[in-house]
Amino acid sequence: MLRNGAAGGGGPAAGGAAGHRPVRVWCDGCYDMVHYGHSNQLRQARAMGDYLIVGVHTDEEIAKHKGPPVFTQEERYKMVQAIKWVDEIAPGAPYVTTLETLDKYNCDFCVHGDDITLTIDGKDTYEEVKTAGRYRECKRTQGVSTTDLVGRMLLMTKAHHSNIDEDLDYRKHTDNFGKGPKGHSPWTGVSQFLQTSQKIIQFASGKEPQPGDTIIYVAGAFDLFHIGHVDFLEKVHQLSERPYIIAGLHFDQEVNRYKGKNYPIMNIHERTLSVLACRYVSEVVIGAPYAVTADLLDHFRVTLVCHGMTEVVSDKDGSDPYEEPKRRGIFQLVDSGSNLTTDLIVQRIIKNRLEFEARNQKKEAKELAVLEAMKKLEEKH
């Protein structure tokens, strides 16, 4: 169980309003390859009550209903715990949400996005709680899905970067990757994410550093925000009694310069939300300079600059981007204890490529069958 220390934009504190029992909310899912779409669902769910419990399915359950997950259950539990709107996680939650589960965790209702979740035999996994009136819906985040992210990795094009014209490969991929033979399911297809200032405000903590806080600066791509990043940020967070962590995110073109291929997989807008959703991060610099300059350190009154054990690529002019913090004696290497990198995740996914593609086609076919049935029902009424 993990209590929420940094819930920005949630409901009232877990005690509920004076004299009222706190409203306990349940969410569940696979949370495989957690992205800002999942975080946004949990943010909305937390705002509907006072205390949010998130049930995460085991590897075995997911393999049975959807095909093998990319991340192990231990990795997935840790990822969900790192999201700042989550008060507690329930490991090994059943795939089908039952009233029994809601009662066991003393939850008033469960919340799910406005897409369909189906069991292996094509049944709605929320049927029982819907019938009992203990189901609420939140808006699905437009422009991102695990399917789309997987597609970007497999394609190796740069169409998803900001400021780059969409290329034909990506358009073709958009047409094929999330489509079954019979047409297009609105839930698994590929779409482009549109950033708004409102979305950033909803995700931001809105807290300024207070006297006595240790202002710690970390910089990087934080691409496909994953368990390696979480482990690193958690370690950095432990360096001080009162840490205020600022994450500097590099623009897409800068990341591509030092990472190559089609990196970053997520563009700057998507990476901003992913990092803001993490409970250890207080603030994000959107498009931070690659070199950590004196101006940046003075502007944010930085006390400490941290970097993980990954290689530091030189700046365009061959200089060390951490030259200034090293000169000031405020640079520290932090070992996260995790060897997971964005590269390794992409390799894991490509290894499972055939399974993913088969799974996506199957998922589409299931969703289309449900749509068809829903249409027929509407026609009858």
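These numbers come from a predicted model, not from an experiment.

Novice: Help me get a handle on the sheet that holds strand β8 (residues 214–220), residues and values and all.
Specialist: Taken in spatial order, the 5 strands line up as β10-β9-β8-β11-β12 in an open sheet, and their pairing is parallel. The strands lining the two open edges of the sheet, one partner per strand, are β10 (283–286) and β12 (331–333). Along the sheet, successive strands turn relative to each other by an average axial angle of 25°, direction set aside. Summarising the sheet, β8 and strand β9 (residues 243–249) pair through 7 bridges and their orientation is parallel. Counted as the bridge partner of I216 is I245 from β9.

Novice: Pulling in residues and values, what's your account of the state of the cysteines?
Specialist: Summed over all chains, the structure comprises 0 disulfides. With no disulfide of its own, C107 lies 9.1 Å from the sulfur of C110, the closest cysteine sulfur.

Novice: Before we move on, can you summarise helix α10 (residues 252–259) with the specific residues and values?
Specialist: Along α10, the residues classified as buried are D252, E254, V255, N256 and Y258. Residues of α10 that are buried sit in contact with β8 and α11 (268–276). Directly beyond the C-terminal end of α10, a positive phi value near 75° is found at G260.

Novice: Describe in detail the sheet that holds strand β4 (residues 109–113), supporting the description with residues and values.
Specialist: Spatial strand order, β3-β2-β1-β4-β5: 5 strands in an open sheet with parallel pairing. The sheet is open, and its two edges are formed by β3 (88–91) and β5 (135–138), each paired on a single side. Neighbouring strand axes in the sheet, compared pairwise and without regard to direction, differ in orientation by 30° on average. As paired elements, strand β2 (residues 51–56) and β3 share 4 bridges and run parallel to each other. Across the sheet, V54 pairs through a bridge with I89, a residue of β3. Where helix α1 (residues 36–47) meets the sheet, its contacts fall on β1 (24–29), β2, β4 and β5, and the angle it forms with β2 comes to roughly 140°.

Novice: Please provide a residue-by-residue account of the pairing of β8, values included.
Specialist: Across the 7 residues that make up β8, a large majority, 6, are buried. Taken together, β8, helix α9 (residues 227–237) and β9 form a β-α-β motif whose crossover is right-handed. Here β8 pairs with strand β11 (residues 304–307) via 3 bridges, running parallel. From the neighbouring strand, Y217 faces β11, where its bridge partner is V305.

Novice: Give me the environment of R76: which residues, what numbers.
Specialist: Tracing the backbone through its elements, the reader meets R76 in helix α3 (residues 73–81). Sequence separation of R76 and I227 is 151 residues, and the distance between their C-alpha atoms is 8.2 Å. Contact partners of R76, with chain neighbours within four places excluded, come to C30, Y31, D32, V56, H57, T58, D59, I62, P69 and F71.

Novice: A description of the confidence of the model for the chain should follow, citing residues and the corresponding values.
Specialist: Scored by pLDDT, the chain has a mean of 85; 84% of the residues are at 70 or more. In the model, residues 166–183 has pLDDT below 50 throughout and makes 42 contacts with residues more than four positions away in sequence or in other chains.

What counts, and where the lines are drawn
- Counting from 1, residues in each chain are numbered in the order their sequence is written.
- It should be noted that, the model being predicted, local features are given only for residues of pLDDT at least 70 and side-chain atom pairs only at 80 or more, the latter also being counted only at that level, while totals for whole chains, interfaces and linings use all residues.
- Only hydrogens and water are set aside; all other atoms, that is, all heavy atoms of the structure, feed into the side-chain values.
- What makes two strands pair is DSSP finding at least two bridges between them.
- Helix and strand definitions follow DSSP, with helices as H or I runs of at least four residues and strands as E runs of at least two, each counted in order from the N terminus.
- Under this scheme, a helix contributes an axis fitted over its contacting stretch, all axes are lines through C-alpha atoms, and angles between N-to-C directions fall in the 0 to 180 degree range.
- Only a pair of cysteine sulfur atoms within 2.5 Å qualifies as a disulfide here.
- Residue exposure (1.4 Å probe, protein chains only): buried if accessible area is under 20% of the type maximum, exposed if over 50%, otherwise partly exposed.
- For this analysis, residues touch if any pair of their heavy atoms sits within 4.5 Å.
- A right-handed crossover is one whose linking path, passing over the helix from the first strand to the second, runs clockwise when the strands point away from the viewer.
- Each residue carries a pLDDT value, the predictor's own confidence for that position, ranging from 0 to 100.

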